[in-house]
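As a plain string of letters, each chain reads:
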Amino acid sequence: MIETEFTPLAASLGGALIGLASVLLMWVRGNVLGATGILTGFMQPSSSADWAWRAAILAGMVTGPLVYLFIAGEFPAIQVPVSKLSMIIGGVIVGIGVTYGSGCTSGHGVCGMSRLSPRSFVATLSFMAGITLMVFVTRHIFGL
Amino acid sequence: MHLVVIYAIGLIFGLGISISGMANPAKVLNFFDFAGIWDPSLIFVMGAAILVTAPGYFLVLKRPKPVFGNGFTLPGTKLIDRRLIGGSFTFGLGWGLAGFCPGASLPVISTGNSDVLIFTASFIVGIFIARFMIQRSAQQRDAATAS
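Residues numbered from 1 in each chain as written. Chains lettered and ligands numbered in written order. Predicted model: local features only at pLDDT ≥ 70, side-chain atom pairs only at ≥ 80, totals over all residues.

Novice: Go over the overall build of chain B with me, naming the residues and quoting the values.
Specialist: Counting its regular elements, chain B contains six helices and zero strands. Sequence-ordered secondary structure for chain B, helices as α and strands as β, is α-α-α-α-α-α. Against the 2.2 N^0.38 benchmark of 15 Å for 147 residues, chain B shows a C-alpha radius of gyration of 19 Å, more extended than a compact globule. C-alpha extents for chain B along the principal axes are approximately 55 × 45 × 30 Å. (Helix = DSSP H or I, 4+ residues; strand = E, 2+ residues; numbered from the N terminus. Rg over C-alpha atoms; globule rule 2.2 N^0.38 Å.)

What follows is the structure in structure tokens.
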């Protein structure tokens, strides 16, 4: 386990920017800003125009940390308290879960909740329950 | 022009993820560790995001159509079923193992961090496994209906 500092200002500013991007994408192109949906459609696009906007937004996303580096002088902190094996198994499970659940934290948690979608509300409660259970089991039962 | 604007929107999202701490597994896992070293920061990420998105969507969705394009593309289904709940719960379990979620890991692949790259590759594998399983069960269902 790695202790982390409570950072409400950075968290709020970051969250507000995530929200701003979500509103702008709906205003400009009429799409939900869900990472799972954008990536899945990028890998299996329905047309070349459909692929192009997904490629553009993904290119913008990966530029974000570079702008952060330019402003802050360092990349955003990535502290990993788990093993590479957890990363691999966790990653595969995340990919399966978001595909069956039709969305992740950005799509259901931010965009869906913001338009008061009951489906997204249920999805968000479900993945919050999943992660809370997993963190409890790994840290407090297995002591990892 | 349209693609430059979309690129800028992606950049705002990626910068937001970078500032927020969502791409820091230690912070994410500590948020959900209510019985241990709880770090409440992430509630501010989701809270601020929704405080901006909810009124923003309210205003935008009153317009007849988006700036570029003919209409708003919103998920059509209202179905709350086992697949939605089970899939989302499963996603949560994986998120709890790795500490990354898709929207947080994608922007930070540009840092070259090995854990981010391993997670992202694994999560793409997971997407294809699920799509294959969904396709196969649909085919089996069709075959069963046909016979």
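What follows picks up the thread again.
Novice: Outline the overall build of chain A, listing residues and values.
Specialist: When helices and strands are counted, chain A shows six helices and zero strands. Taking the principal axes of its C-alpha atoms as reference, chain A extends roughly 50 × 40 × 30 Å. Expressed as a percentage of the 144 residues in chain A, the buried residues total 55%. Within chain A, counting contacts between residues at least 6 apart in sequence, those at least 24 apart form 44% of the total. (Buried ≥ 20, exposed ≤ 12 C-beta atoms within 10 Å, placed from the backbone. Contact = placed C-beta atoms within 7 Å.)

Novice: Talk me through the packing of helix H5 (residues 105-114) of chain A against helix H3 (residues 41-60) of chain B; I want residue IDs and the actual numbers.
Specialist: Relative orientation of the contacting elements H5 of chain A and H3 of chain B amounts to 40°, with a least axis distance of 8 Å. When you trace H5 of chain A past H3 of chain B, the crossing you get is right-handed. Here Gly109, Val110, Cys111, Met113 and Ser114 of chain A of H5 of chain A come into contact with H3 of chain B, specifically with Met46, Ala49, Ile50, Thr53, Ala54 and Tyr57 of chain B. Of the residues contributing to the contact of H5 of chain A with H3 of chain B, the split by class is eight nonpolar, three polar and no charged. (Axes fitted to C-alpha atoms, helices over the stretch in contact; angles between N-to-C directions. Left-handed = near helix turned anticlockwise from the far one by under 90°. Nonpolar A, V, L, I, M, F, W, Y, C, P; charged D, E, K, R; others polar.)

Novice: Can you break down the interface of chain A and chain B residue by residue, with the values?
Specialist: Taken together, the 102 residues of chain A in the interface contact 99 residues of chain B. The set of elements that each furnish at least two residues to the side of chain A that touches chain B consists of helix H1 (8-28), helix H2 (35-43), helix H3 (48-72), helix H4 (84-100), H5 and helix H6 (118-141) of chain A. Of the residues contributing to the side of chain A that touches chain B, the split by class is 64 nonpolar, 32 polar and six charged.

Novice: An account of the packing of H6 of chain A against helix H4 (residues 82-98) of chain B is needed here, citing residue identities and associated values.
Specialist: Between H6 of chain A and H4 of chain B, the shortest axis-to-axis distance is 7 Å and the interhelical angle comes to 35°. Here H6 of chain A and H4 of chain B pass one another in a crossing that is right-handed. Contact residues: H6 of chain A offers Arg119, Val122, Ala123, Ser126, Phe127, Met128, Ala129, Gly130, Ile131, Met134, Val135 and Thr138 of chain A, while H4 of chain B offers Leu84, Ile85, Ser88, Phe89, Thr90, Phe91, Gly92, Leu93, Trp95, Gly96 and Leu97 of chain B. Class assignment for the residues of the contact of H6 of chain A with H4 of chain B results in 15 nonpolar, seven polar and one charged.

Novice: Break down helix H1 (residues 2-20) of chain B for me, citing the residues and quoting the values.
Specialist: Taking 1.5 Å per residue as the helical rise, H1 of chain B with its 19 residues ought to reach 27 Å, and the 27 Å between its terminal C-alpha atoms agrees with that figure. Phi turns positive, to about 95°, at glycine 21 of chain B, one or two residues after H1 of chain B. (Expected span 1.5 Å × (residues − 1).)

Novice: Lay out H1 of chain A in plain terms, naming residues and giving numbers.
Specialist: Helix length check: H1 of chain A (21 residues) gives 30 Å between terminal C-alpha atoms against 30 Å at 1.5 Å per residue, within 8%. Positive phi shows up at glycine 30 of chain A, right after H1 of chain A, with a value of about 80°.

Novice: With reference to specific residues and values, describe the confidence of the model for chain B.
Specialist: All names here are of chain B. Averaged over every residue, the pLDDT of chain B is 95; residues scoring 70 or more account for 99%. Per-element confidence in chain B ranges from a low mean pLDDT of 94 for helix H6 (residues 114-146) to a high of 98 for H4. The ipTM, which scores confidence in the relative placement of chains, is 0.97 for this predicted complex, and the corresponding pTM is 0.96. (pLDDT = per-residue confidence, 0-100.)

Novice: Explain the environment of isoleucine 50 of chain B to me, and be specific about the residues and the numbers.
Specialist: On the secondary structure map, isoleucine 50 of chain B appears in helix H3. The buried category is assigned to isoleucine 50 of chain B, around which 20 C-beta atoms lie within 10 Å. Residues contacting isoleucine 50 of chain B, with those up to four places away along its chain left out, are Gly19, Val110, Met113 and Ser114 of chain A.

Novice: How would you explain unusual backbone geometry if you had to name every residue and give the values?
Specialist: All names here are of chain A. Not every positive phi belongs to a glycine, and serine 102 is a case in point at roughly 55°. By C-beta crowding, serine 102 is classed as buried, having 23 other C-beta atoms within 10 Å. Even without a glycine there, the phi angle at leucine 116 is positive, about 55°. Along the chain, the position of leucine 116 falls in the loop between H5 and H6.

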